[in-house]
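Residue-level structure breakdown
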Amino acid sequence: MTRSVFVSRDLYTRLRALRYLLPLAVFGAVVAYEVVGFFFFRSLPELVPTLLDLLLYSTIGPIVIWFTINWIAQRIEETDRALAAKEQAEQEQRRALEAAREQERLLAAVCSNSADAILTLDNNGIIKTWNRGAEMMFGYTADEVVGKHFRLLLPPELEAQGEVEWLAREVLKQGYIRNYQTERVAKDGRRVIVDLTRTLLYNEKGEVIGSSASLRDITERVRAEQAIQQLNLELETKVAERTAQLATATEELRRRNRELEKANQELKKLDELKSEFVSMVSHELRAPLTNINGSIELLLSGDSPCYDRSHRELLQIISEQSARLTRLVQGILNVSRIEAGQLVLQPQAFDIVALIEKVLGVWESRGVAHPFEHPRAQNVPSVWADRDRTEEVLFNLIDNAIKYSPEGTPIRLEVETDGKFAKVSVSDRGIGIPADEVEKIFDKFHRVDRSDRAETYGHGLGLYICRRLIEAQGGQINVESVLGEGSTFWFTLPLAGRSEDEVMPSVRRQTGGRR
Ligand code: ADP
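Calculation criteria
- Residues numbered from 1 in each chain as written.
- Predicted model: local features only at pLDDT ≥ 70, side-chain atom pairs only at ≥ 80, totals over all residues.
- Heavy atoms only, no water.
- Pairing = 2+ DSSP bridges.
- Helix = DSSP H or I, 4+ residues; strand = E, 2+ residues; numbered from the N terminus.
- Near = heavy atom within 4 Å.
- Polar contact = N/O pair within 3.5 Å; in protein donor to acceptor, adjacent residues only side chain to side chain.
- Areas by Shrake-Rupley, 256 points an atom, 1.4 Å probe, with all protein chains shown as cover.
- 1 Å grid on protein atoms, 1.4 Å probe; cavity = no way out; pocket = protein on both sides within 12 Å on 5 of 7 lines; lining within 4 Å.
- Points joined across faces, edges and corners; volume = space filled by probe spheres on them.
- Nonpolar A, V, L, I, M, F, W, Y, C, P; charged D, E, K, R; others polar.
- Buried < 20%, exposed > 50% of the residue type's maximum accessible area, 1.4 Å probe, protein only.
- Core = buried A, V, L, I, M, F, W, Y, C linked by side-chain atoms within 4.5 Å.
- Contact = heavy atoms within 4.5 Å.
- Phe/Tyr/Trp six-rings, centres within 6.5 Å; stacked < 30°, edge-to-face > 60°.
- Lys NZ or Arg CZ within 6 Å of the ring centre and 35° of its normal.

Let us look at the pairing of strand E9 (residues 411-417). Bridge analysis of strand E7 (residues 372-373) against E9 gives 2 bridges, and the strand direction is parallel. If you follow Phe372 over to E9, its bridge partner there is Ile411. Sheet analysis places E9 next to strand E10 (residues 421-427), joined by 6 bridges and oriented antiparallel. Following the sheet pairing, Arg412 is matched in E10 by Ser427.

Structure below.
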């Protein structure tokens, strides 16, 4: 009997036994029944054996057959179920196997196409697999390297340092090495800086069968980093150099500053000494000059018969020169007062036209060789200023107009107002002032450099004092001039009746409340 694929071994064994046992059992039972019937049923009425036959053949027999077949059917069903379950399990196993194979194929494809070099080594470091990434990175084909030791990729110096052994030890110690930066040599001798990860490989029994190595080319990144480091280093060096230079320069500056401060202090001291000296000398000169002037005036006014014409001319010269000297001394004294902040102004409301007339009268009485054109303005409001200082300014401007214009040319004085200020101008038809000198003539001791300078006396102090005096009174002073045609000097003074702060803030400061 051949075993069906659908019948289990156990059931098959039982069925084999049953094919002998069942006929034997029927044979035995029938023989026993017939033997027993032969000896015992003879004495019984005929109906009994018939009933017993009936019971045996129509009831017990079918029942036994039913149980036997039922038992066989149940066993076959059980076997079928078991077989179906086994089939399903096998199918699942096949599917899982297929999936695993698919994954393996994918992994293999990823490995072989990866840009990183991926290789497997046996326990002795012999290369077993070599992917496309490795081919591209090192230039060797798989045929050239599979079966060879991976030290063929090592630079000689690293091999001499024992990197092969060190790597083997390290990877055995913890099962892997991650991100280890090292160098390898390509087929063409090119150095490749790589980031190496090496991992041990095990078989199903857990035995080490080799290792996998994945190498990423980081040459460009490392070179860029090195370049940046180099740049940083150079930059730091430069910064350090510059800092040192700056420190030296700062030190030098400090030293110079100290020297300058010292020089400044010395200069200040000298300036103070000079001012003191000038002031002292001027004071000392003023008294004898006043006496000389008075004496000469007396001599000139007297009608002594001792003087002939030449004596009088000589006396006149002495008088003029003494007056010049007096003006110079007065000028120097004014400058030192102004610079020492000791200028005292005594502002008051006064008639500016009347003051101009007075000054012109003085000049006219001296027999000046210039006709004066008097101011034509009428009903000019009073100005708020220091009368004596304003007179000094007027005197100076007219003196200059006389000095710097040819004899006989007119000198015109004018006054105009704009409701806030009175503007006084002195115009001459003289030599004029070069444009580039206009601002400078108000500087201390500045005189225009010209050939006729020797002919005009002066010290370059007059206009400087005028500007300081006018500005201290809240006004302005300036000049408009055409070289060779003449100049118009003008100054402004505030009109009386305006608030003091608005008019002369600096006057109050300088007068120190002595108004
Ligand atoms: P100085 O004592 O030399 O006259 P000032 O300060 O009064 O000093 O004048 C400065 C310079 O300005 C003079 O040296 C002169 O060259 C020039 N200046 C002044 N007023 C006139 C003017 N009316 N015409 C031409 N130049 C003038």
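Having seen the model, we can carry on.
Let's shift gears to the site of the ligand. Taken together, 22 residues sit near the ligand, with Asn400, Asp428, Arg447, His459 and Leu463 positioned nearest. Between an oxygen atom of the ligand and a side-chain N or O atom of Arg447, the distance comes to 2.4 Å. At a separation of 2.9 Å, an oxygen atom of the ligand approaches a polar backbone atom of His459. In the complex, the protein chains occlude 97% of the 530 Å² of accessible area that the ligand would expose alone. Of all the secondary-structure elements, those providing two or more residues to the shell around the ligand are helix H10 (387-403), helix H11 (462-472) and strand E12 (486-494). At 4 residues, the largest contribution of residues to the shell around the ligand is made by H10.

Now for the pairing of strand E11 (residues 477-482). The pairing of E11 with E12 spans 6 bridges and is classified as antiparallel. If you follow Val482 over to E12, its bridge partner there is Gly486.

With that out of the way, let us pick up the layout of surface pockets. Counted as a void, the second largest pocket has a volume near 270 Å³. When residues of the lining of the second largest pocket are traced back to their parent elements, those giving at least two are helix H1 (9-40) and helix H2 (47-113). The biggest single contributor to the lining of the second largest pocket is H2, with 6 residues. The class makeup of the residues in the lining of the second largest pocket is 10 nonpolar, 1 polar and no charged.

Of all 11 residues in H11, 9 are buried, a share of seventy percent or more. Every buried residue of H11 is listed here: Gly462, Leu463, Tyr464, Ile465, Cys466, Arg467, Leu469, Ile470 and Ala472. Gly474, located one to two residues past H11, shows a positive phi value of around 85 degrees.

So, about the nonpolar core. If you look at the biggest cluster of nonpolar residues, it comprises 48 residues, and the most contacted ones within it are Ile352, Ile398, Leu413 and Phe491. In contact with Ile352, not counting residues within four places along its chain, are Val380, Val383, Thr390, Val415, Val424 and Leu493. Formed by 24 residues, the second largest nonpolar core is a distinct cluster that contains Val145, Leu153, Leu154 and Val171.

The next thing to look at is the packing of aromatic side chains. Note on aromatic pairs: each is described by the distance of the centres and the angle between the planes. Counted by the stated rule, this structure contains 7 aromatic pairs. For the pair Trp66 and Phe67, a centre-to-centre distance of 4.9 Å together with 85 degrees between the ring planes defines the contact as edge-to-face. The pair formed by Trp66 and Phe67 is uniform in burial state, with each residue classed as exposed. The cationic tip of Arg178 hangs over the ring face of Tyr176; the distance from NZ or CZ to the ring centre is 4.3 Å. Here Arg467 stacks its cationic end above the ring of Phe442, 4.2 Å away from the centre of that ring.

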